[in-house]
Structure formats: C-alpha cells, structure tokens
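Residue-level structural notes
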Amino acid sequence: MKIQETKQGAVTVLKPSGPLIQSDAAYFKVVATRVAEASHGRFVVDLATIPYVDSQGLETLVDVTEQMSKSGQMLKLCSVNKTLREVMNLAGVASLFEHFDDVNTAIRSFL
C-alpha cells in the first residue's frame, strides 16, 4: 500500500491507495497515528483510491478514530465509495467518523 501525504494549509491529507487489508493495516495505523499526533488531529483520510477494506482494515480505521476521540477529535474521511460506506453501515461504525464528499469540503470543516 502506498500512502500519499500532502499538506493543504494547516491540514494534512492522507491518501492511501489499494485495498486496506490485513497485510497493510498495521502500516496504515502507524502512519495515521503519527500524522494525527503531528497535526494535532488536523488531518483527513481521502479514501478515493481504496476499493475495499477487510475486517482488519476497518478495525484499524476504528482504532485511529478511538485514539483521536481521547482528545475530543474524530477521524475525517472523504471520497468514501458506496461499497465502503455500506460496509461501515453494516458494521455499525459509520457514525464514528465524519464523512465528506471530497477533500476540499473536509478541509473546510476545520475552519
């Protein structure tokens, strides 16, 4: 899995590409946790190039948002495809995240 990291003003955007599955979940969690701490929670995960997640990938997203919630923050996701959104809804975890249609809308939510 490749994870592109860009800064847009004071907000960091993580854009992983490829499925978020067991073999990549630990790496994603390390990167997301580091970015969350360095940016004081001012970051967005752009899921536009994530076709699907497995249970470990979903658990990783939940773990990151739970870590962030300890400091009153919530993981912001954007460009979530229909399949991924259905998986989150069926697993009952969709409400743990803030969802945005695109990166710019997610970034503006910090203002």
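This one's a predicted model, so the numbers in the text were calculated from it and none came from an experiment.

In terms of helices and strands, the protein chain carries 4 helices and 5 strands. Each helix (α) and strand (β) of the protein chain, taken in turn from the N terminus, gives the series β-β-α-β-α-β-α-β-α. On C-alpha atoms alone, the protein chain measures out to a radius of gyration of 12 Å, which is about the 13 Å that the 2.2 N^0.38 rule sets for 111 residues. With respect to the principal axes defined by its C-alpha atoms, the protein chain has extents near 30 × 25 × 25 Å.

Attention now goes to the nonpolar core. F43, L47, L75, L77, M88 and F97 are the most contacted members of the largest nonpolar core, which totals 26 residues. For this core, the secondary structure elements donating two or more residues are α1 (22–38), β3 (43–46), α2 (55–69) and α3 (82–91). Ignoring anything within four residues of it in the chain, the contact list for L75 reads F43, V45, L61, V64, T65, M68, F97 and E98. Formed by 9 residues, the second largest nonpolar core is a distinct cluster that contains V11, V103, A106 and F110.

Sheet strands pair by backbone hydrogen bonding; their relative direction is either parallel or antiparallel. Reading across from one edge, β1-β2-β3-β4-β5 is the order of the 5 strands in this open sheet, with mixed pairing throughout. Strands with a single pairing partner mark the edges of an open sheet, and in this sheet they are β1 (2–8) and β5 (98–100). Geometrically, the sheet is characterised by an average inter-axis angle of 25° between neighbouring strands, direction not taken into account.

Attention now goes to the pairing of β1. Within a regular strand, the side chains alternate between the two sheet faces. Direction of pairing for β1 relative to strand β2 (residues 11–17): antiparallel, over a ladder of 7 bridges. When the sheet's bridge partners are listed, K2 is paired in β2 with S17. A loop of 2 residues connects β1 with β2, the two strands running antiparallel in sequence, and G9 in this loop sits at a positive phi of about 65°.

Right, let's talk about α3 for a bit. Between the side-chain oxygen at the start of α3 and the backbone nitrogen of T83 there is a gap of 3.1 Å, and the oxygen is on N81. The positive-phi residue at the C-terminal boundary of α3 is G92, with phi of around 75°.

Here we take up the pairing of β2. Within β2, 5 of the 7 residues are buried, leaving the element largely enclosed by the surrounding structure. Two strands pair when backbone bridges link them, and β2 and β3 are joined in this way by 3 bridges, in the parallel orientation. Bridging across to β3, T12 finds its partner in F43. The parallel pair β2 and β3 is bridged by α1, and the resulting crossover is right-handed.

Bringing α2 into the picture now. The terminal C-alpha atoms of α2, which comprises 15 residues, lie 21 Å apart, in line with the 21 Å expected from a rise of 1.5 Å per residue. Taken as a whole, α2 has its buried residues at G57, L58, T60, L61, V62, V64, T65 and M68. The secondary structure elements touched by the buried residues of α2 are α1, β3 and α3. Between a side-chain oxygen at the N-terminus of α2 and the backbone nitrogen of Q56 the separation is 3.1 Å; the capping residue is D54.

Cut-off values and rules
Residues numbered from 1 in each chain as written. Predicted model: local features only at pLDDT ≥ 70, side-chain atom pairs only at ≥ 80, totals over all residues. Heavy atoms only, no water. Helix = DSSP H or I, 4+ residues; strand = E, 2+ residues; numbered from the N terminus. Rg over C-alpha atoms; globule rule 2.2 N^0.38 Å. Core = buried A, V, L, I, M, F, W, Y, C linked by side-chain atoms within 4.5 Å. Buried < 20%, exposed > 50% of the residue type's maximum accessible area, 1.4 Å probe, protein only. Contact = heavy atoms within 4.5 Å. Pairing = 2+ DSSP bridges. Axes fitted to C-alpha atoms, helices over the stretch in contact; angles between N-to-C directions. Polar contact = N/O pair within 3.5 Å; in protein donor to acceptor, adjacent residues only side chain to side chain. Right-handed = clockwise from strand over helix to strand, strands pointing away. Expected span 1.5 Å × (residues − 1).

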